[in-house]
Number of protein chains: 2
Amino acid sequence: MKPAILFGGASYEHEISIVSAIALKKVLNVPLTFIFLDTEGTFYHIPAEKMKSNHFSSGSYKKDDTLRLVRGGFEKQGLFKARALEGFDVVLNLVHGGQGEDGTVAALFDFYAIPYIGPRKEASVLSFNKWLTKLYAQGLGIETIDFQLLRIDSERRVDFDYPVIVKPLRLGSSIGVSIVKSADELDFALDVAFEFDDEVLVEPFIEGIEEYNVAGCRAGDKWILSRIEAPQKKEFLDFDQKYLDFSRTESVSEAKISAELEERLKEAFKIVYGALFEGAVIRCDFFVQDGRVILNEINPIPGSMANYLFDDFTEVVSSLVSHLPKSRTIKPDYAYIDKVQSAKGPKIG
Amino acid sequence: MKPAILFGGASYEHEISIVSAIALKKVLNVPLTFIFLDTEGTFYHIPAEKMKSNHFSSGSYKKDDTLRLVRGGFEKQGLFKARALEGFDVVLNLVHGGQGEDGTVAALFDFYAIPYIGPRKEASVLSFNKWLTKLYAQGLGIETIDFQLLRIDSERRVDFDYPVIVKPLRLGSSIGVSIVKSADELDFALDVAFEFDDEVLVEPFIEGIEEYNVAGCRAGDKWILSRIEAPQKKEFLDFDQKYLDFSRTESVSEAKISAELEERLKEAFKIVYGALFEGAVIRCDFFVQDGRVILNEINPIPGSMANYLFDDFTEVVSSLVSHLPKSRTIKPDYAYIDKVQSAKGPKIG
């Protein structure tokens, strides 16, 4: 396995993707290729020794070689002709949020026939849009928190008792999220959320609810599930606190829960993962209330790939690489066109 | 408006996309550029006078110029250097099924910042996958036909009385679809459907149900809805019959229904279209049973764009081109990275 890590991207989580890539460099015990996507849509080949955050914040990455997508990989413009970028056989999509999680990166790699680890198009769309995540969970019989959808032009009326939590519909992190304790705080919270999306989700905010995270993937017939983490909580993890996750490389200890609850969380994870998330290492964040397991959100590209939840993360990635989903080959035989050409009806061609 | 028509694609509907493009050439009263996508992922610039079906079935398109995606458009490799393909300002995505409707084309155009008419990524995924269409409709409070999802490895048991209809989950047409009249026909129908997808939808088949099609789009604040068609029916339209639609250019007459039903069909269309399908001309196929309006399917790229349902199709496209959805611009300021660099916690960079 020779992975290339794709990071950056046009996303509000552009910077944490850089942090995440630097963390993975420490964790994956294999030679790595680094491909940076800037917010303008240009790919850069970053030499491993330059993988430090100030290489990006200073803009000095702009002196590195640019890359173009071609069938099967990337190519680099040489003095006289382009040559293929060599040294990797699979790409790890580590573009958090935006293009990485909304299906863009998946579609690019599907189109250019580049093997990759990360959510496919459907998986991306269903986990990136929090309303669609709810519909998907409902379709699977998995419980979610009650919700209300507000558009930027909707009447600003909330059907729940306060406190409520307000979230932009399509951000993969806590950006733009607010806890609203009373009606007079609502307008400001909505203004903030609508900065990021024309649609906003409002949910009742349940104080002190138990929260558990499970990460994992299916590699062929084999499930690889992480230990379960009970994330550190303050009243609400803000962006900075939560996204220290993205630089995490030290493993965390297992949540102290009953074997029965552990089993139920893992079963819920498997149902959510289903066939949809094949090819990706995802993290599901669950709430547990009165013994009910409730899906809070799906992170299809968790911070630093939730490496800190696994014992041997290199092995996880390696197993998954051997079991990437395949697509059907489609070959037209032009039999239909021949039939239409000879059919009665509007003459074509 | 100077549209380029993108057609072909890696799709079981590759051929009908060619037929559809030829039909649009007759209908759109503006100069057109034609871009063919073969099933290998290569783009070709097809001169307008070569837009005949045998140019593709014979393979002679391979002598035409190839194109590459670049930011803002396509470029053509010249003798010494590449030059931009000129002559168009918007692309009409006419790749039916597969890459055209599964979100791939949308993602490519989003990524390369090329203005286009067609469903965006979320709209593609939700209409291409028939199960997700059901969940979406349910989420909107729109009725759908009852269903059951079977995977290729599921037990082959059907919960409904026969006849049932069996459909591959992710095809935009009647390909692989069967009506199953009794249990002994089930296996064969499932074998056929599983040729095309690992997941299959089973629905009760309701004989003689009324069917109505409505096409349209929203251009800014203005709805442009087509006349309502009551499609010609045999017991079930097979692929050949149904897809003569793709070459249709003659307008059809309005269905004879009450003003009240017309109004309800149009209201249902608007709810389904919502904000999700902005930028696309879609066709919704509805059933009406005992006065209830039921969504059957959403065609996010209907055959020849359902031009035959509109009085002035060029005007429809032109209005839509003036109101394409915009995306938010994202600029990192690297404030977060600076903060993380100075924060306590794992040292990065």
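The structure displayed is predicted, hence computed values, not measured ones.

The rules behind these values
In this convention, every chain numbers its residues from 1, walking through the sequence in written order. For naming, the first written chain is A and the first written ligand is 1, with later ones following in the order written. Note on the predicted model: pLDDT of at least 70 is required for a residue's local features to be given, and 80 or more for side-chain atom pairs to be given and counted; whole-chain, interface and lining totals, by contrast, use all residues. With hydrogens and water stripped out, all remaining heavy atoms of the structure feed into the side-chain values. Counting from the N terminus, the helices are DSSP H or I runs at least four residues long and the strands are E runs at least two residues long. We compute the radius of gyration over the C-alpha atoms and compare it with the globule rule, which gives 2.2 Å times the number of residues raised to the power 0.38. Exposure classes here rest on a 1.4 Å probe applied to the protein chains alone. A residue is buried below 20% of its type maximum, exposed above 50%, and partly exposed in between. Should any heavy atoms of two residues lie within 4.5 Å, those residues are counted as being in contact. Here, Shrake-Rupley sampling with a 1.4 Å probe gives the accessible areas, and only protein chains in the shown set may cover a residue. Two residue types count as positive, namely Lys and Arg, and two as negative, namely Asp and Glu; His and chain ends fall outside the count. In this description, the location of a charge corresponds to atom NZ of lysine, CZ of arginine, CG of aspartate or CD of glutamate. Planes of paired rings set the category: under 30 degrees apart is stacked, over 60 is edge-to-face and the rest tilted, where pairs are Phe, Tyr or Trp rings (Trp by its six-membered ring) whose centres lie within 6.5 Å. As a reminder, the over-ring test applies to NZ of lysine and CZ of arginine, requiring each to be within 6 Å of the ring centre and within 35 degrees of the ring normal. Put simply, buried Ala, Val, Leu, Ile, Met, Phe, Trp, Tyr and Cys residues joined by side-chain atoms within 4.5 Å make one nonpolar core. What gets called buried area is simply the loss in accessible area from a 1.4 Å probe that two parts show on being joined, summed for both. The working definition used for a salt bridge is a side-chain nitrogen of Lys or Arg within 4 Å of a carboxyl oxygen of Asp or Glu. Throughout this description, a polar contact denotes any pair of N or O atoms lying within 3.5 Å of each other; where both atoms belong to protein, one of them has to be capable of donating a hydrogen while the other can accept it, and for residues adjacent in sequence the pair is counted only when both atoms sit in side chains. All amino acids are sorted into three groups, where Ala, Val, Leu, Ile, Met, Phe, Trp, Tyr, Cys and Pro are nonpolar, Asp, Glu, Lys and Arg are charged, and the leftover types, Gly among them, are polar. Two strands pair if DSSP finds at least two bridges between them. Any residue with an atom within 4 Å of a point lines the site, the site being either a cavity, points on a 1 Å grid over the protein atoms alone where a 1.4 Å probe fits but cannot get out, or a pocket, an open set with protein on both sides within 12 Å along at least 5 of 7 lines. Grid points are joined across faces, edges and corners, and a volume is the space filled by probe spheres set on the points. Least squares is the method for superposing the copies, and the C-alpha atoms it fits come from residues with pLDDT of at least 70 in both. Expected span of a helix, by definition, is 1.5 Å for each gap between consecutive residues, and there is one gap fewer than residues. Each axis is a line fitted through C-alpha atoms, taken for helices only over the stretch in contact, and angles between the N-to-C directions span 0 to 180 degrees. Angle categories: roughly parallel below 35 degrees, roughly antiparallel above 145, roughly perpendicular from 65 to 115, and oblique for all the rest. pLDDT is a per-residue confidence score from the predictor, ranging from 0 to 100.

## Some points on the overall build of chain A
Argument step 1. On a plain count of helices and strands, chain A comes out with eleven helices and 17 strands.
Argument step 2. Relative to the globule expectation of 20 Å for 349 residues, the C-alpha radius of gyration of chain A, 22 Å, shows essentially globular dimensions.
Argument step 3. Looking at chain A as a whole, 59% of its 349 residues qualify as buried.
Argument step 4. Of the contacts formed within chain A by residues at least 6 apart in sequence, a portion of 68% connects residues at least 24 apart.
Argument step 5. Accessible surface computed for chain A: about 14,200 Å², of which carbon and sulfur atoms make up 48%.
Argument step 6. Separation between the mean location of the 41 positive side-chain charges and that of the 53 negative ones in chain A comes to 8 Å.

## Let's talk about the packing of aromatic side chains
Argument step 1. Using the criterion set out here, one finds 42 aromatic pairs over all chains in the structure.
Argument step 2. Ring geometry for Tyr44(A) versus Tyr61(A): centroids 5.1 Å apart, planes at 85°, classification edge-to-face. Taken together, the residues Tyr44(A) in strand β3 (residues 43–46) and Tyr61(A) in the loop between α2 (53–57) and β4 (65–70) connect sequence positions 17 residues apart.
Argument step 3. Plain terms: the ring middles of Phe310(B) and Phe313(B) are 5.9 Å apart, the flat faces sit at 45° to each other, and that makes the pair tilted.
Argument step 4. Pairwise contacts between aromatic rings join Phe43(A), Phe74(A), Phe88(A), Phe109(A), Tyr116(A), Phe111(B) and Tyr112(B) into one cluster.
Argument step 5. The residue whose ring lies beneath Arg120(A) is Tyr116(A), and the NZ or CZ to ring-centre distance is 3.7 Å.

## Comments concerning the nonpolar core
Argument step 1. Judged by nonpolar contacts, the single largest core of 148 residues is most densely connected at Ile5(A), Phe7(A), Leu265(A), Ile5(B), Phe7(B) and Leu265(B).
Argument step 2. Here Phe7(B) is in contact with Ser17(B), Ile18(B), Ala21(B), Phe34(B), Ile35(B), Phe36(B), Leu37(B), Ile46(B), Met51(B), Phe56(B), Leu94(B) and Val95(B), once residues within four sequence places are set aside.

## So, the interface of chain B and chain A
Argument step 1. If you look at the interface, chain B gives 77 residues, while chain A gives 77 residues.
Argument step 2. Each partner contributes to the roughly 6,500 Å² buried at the junction of chain B and chain A, and carbon and sulfur atoms together form 59% of this total.
Argument step 3. The tally of links from chain B across to chain A stands at six salt bridges.
Argument step 4. At the boundary of chain B and chain A, one finds 15 residue pairs in polar contact (both at pLDDT 80 or more).
Argument step 5. Its residues assigned to classes, the side of chain B that touches chain A comprises 39 nonpolar, 15 polar and 23 charged.

## A closer look at the sheet that holds strand β17 (residues 292–299) of chain B
Residues and elements named next belong to chain B.
Argument step 1. The five strands lie next to each other as β9-β17-β16-β14-β15, forming an open sheet whose pairing is mixed. Looking at the sheet topology across the chains shown, the edges are occupied by β9 (143–144) and β15 (222–225).
Argument step 2. As paired strands, strand β16 (residues 282–289) and β17 are joined by seven bridges and run antiparallel to one another. Pairing of Asp 285 across the sheet is with Glu 297, part of β17.

## Some points on empty space enclosed by the protein
In this approach, a probe sized like a water molecule rolls over the atoms, and the result shows the empty space that is left.
All names here are of chain A.
Argument step 1. In the structure shown here, the tally under the stated rule is seven cavities of 30 Å³ or more.
Argument step 2. Space inside the largest cavity adds up to approximately 150 Å³.
Argument step 3. Ser 127, Lys 130, Thr 133, Glu 297 and Ile 298 are the residues nearest the centre of the largest cavity, which is lined by 18 residues in total.
Argument step 4. Residues belonging to the lining of the largest cavity are distributed by class as follows: six nonpolar, six polar and six charged.

## Remarks on the relation of the copies chain B and chain A
Argument step 1. Once chain B is rotated about the relating axis by 180° and shifted along it by 0.0 Å, it coincides with chain A to within an RMSD of 0.0 Å. Look at the turn and shift together and you get a two-fold axis relating the two.
Argument step 2. The overlap is high: 100% of the interface residues of chain B also sit at the interface in chain A, so the same surface is used on both sides.

## A few points about helix α1 (residues 14–27) of chain B
Residues and elements named next belong to chain B.
Argument step 1. For α1, with 14 residues, the first-to-last C-alpha span of 20 Å sits near the 20 Å given by 1.5 Å per residue.
Argument step 2. Counting buried residues in α1 gives twelve out of 14 residues, a clear majority hidden from the surface.
Argument step 3. Of all the positions in α1, only His 14, Glu 15, Ile 16, Ser 17, Ile 18, Val 19, Ser 20, Ala 21, Ile 22, Ala 23, Leu 24 and Val 27 are classed as buried.

## With respect to unusual backbone geometry
Argument step 1. Backbone torsion omega between Tyr162(A) and Pro163(A) reads 0°, so that peptide bond is classified as cis.
Argument step 2. Mapped onto the elements, Pro163(A) comes out in the loop between β10 (148–151) and β11 (164–168).
Argument step 3. Positive phi, close to 55°, is recorded for Ala113(B), a residue that is not glycine.
Argument step 4. Since its relative accessible area comes to 38%, Ala113(B) is described here as partly exposed.
Argument step 5. A positive phi is found at Ser304(B), a non-glycine position, where the angle reads about 45°.
Argument step 6. If you trace the backbone, Ser304(B) turns up in the loop between β17 and α10 (313–321).

## Comments concerning the pattern of salt bridges
Argument step 1. Evaluation of the coordinates by the stated rule reveals 46 salt bridges over all chains.
Argument step 2. Salt-bridge contacts for Asp153(A) lead to Arg151(A); the nearest nitrogen and oxygen are separated by 3.6 Å.
Argument step 3. The class of Asp153(A) is exposed, set by a relative accessible area of 61%.
Argument step 4. By relative accessible area, Arg151(A) is classed as partly exposed at 24%.
Argument step 5. Lys270(B) serves as the salt-bridge partner of Glu267(B), at 3.5 Å between the closest nitrogen and oxygen. Taken together, the residues Glu267(B) and Lys270(B), both in helix α9 (residues 259–273) and three residues apart, mark about one turn of the helix.
Argument step 6. Where salt bridges share partners, they join Glu122(A), Arg151(B), Asp153(B), Arg170(B), Asp197(B) and Glu199(B) into one cluster.

## Considerations on the packing of helix α5 (residues 121–128) of chain A against helix α6 (residues 130–140) of chain A
All names here are of chain A.
Argument step 1. Where α5 meets α6, the axes come as close as 5 Å, and the angle between the chain directions of the two elements is 105°. Taken as axis vectors, α5 and α6 run roughly perpendicular relative to one another. Side by side, α5 and α6 meet where Val 125, Leu 126, Ser 127 and Phe 128 of the first sit next to Lys 130, Leu 132, Thr 133 and Tyr 136 of the second.

## Details of the pairing of β4(A)
All names here are of chain A.
Argument step 1. Here β3 runs beside β4; their pairing, made up of three bridges, is antiparallel. Of the residues in β4, the one forming a bridge with His 45 is Asp 65.
Argument step 2. Bridge count between β4 and strand β5 (residues 73–77): four bridges; the pairing is antiparallel. Paired with Val 70 across the strands is Gly 73, a residue of β5.
Argument step 3. Hairpin connection between β4 and β5: a loop of two residues separates the two successive antiparallel strands, and Gly 72 in this loop has a positive phi of roughly 90°.

## Considerations on the packing of α6(A) against helix α6 (residues 130–140) of chain B
Argument step 1. Where α6(A) meets α6(B), the axes come as close as 10 Å, and the angle between the chain directions of the two elements is 110°. Between α6(A) and α6(B), the angle falls in the class roughly perpendicular. Here Trp131(A), Leu135(A), Tyr136(A), Gly139(A) and Leu140(A) of α6(A) come into contact with α6(B), specifically with Trp131(B), Leu135(B), Tyr136(B), Gly139(B) and Leu140(B).
Argument step 2. Its residues placed into classes, the contact of α6(A) with α6(B) shows eight nonpolar, two polar and no charged.

## Some details on the confidence of the model for chain A
Residues and elements named next belong to chain A.
Argument step 1. Here chain A averages 91 in pLDDT, while 92% of its residues score no lower than 70.
Argument step 2. Note that residues 344–349 has pLDDT below 50 and, in this model, twelve contacts with residues that lie over four places away or in other chains.
Argument step 3. Note on the complex model: pTM 0.93, ipTM 0.92.

## Considerations on the sheet that holds strand β13 (residues 199–204) of chain A
All names here are of chain A.
Argument step 1. Pairing within the open sheet is antiparallel, and its four strands lie in the order β10-β13-β11-β12. Among the strands making up the open sheet, the edge pair consists of β10 and β12 (178–180). Strand-to-strand twist in this sheet, taken as the mean axis angle between neighbours without regard to direction, amounts to 30°.
Argument step 2. Sitting on the sheet, α6 touches β10, β11 and β13, and the angle it makes with β13 is about 55°.

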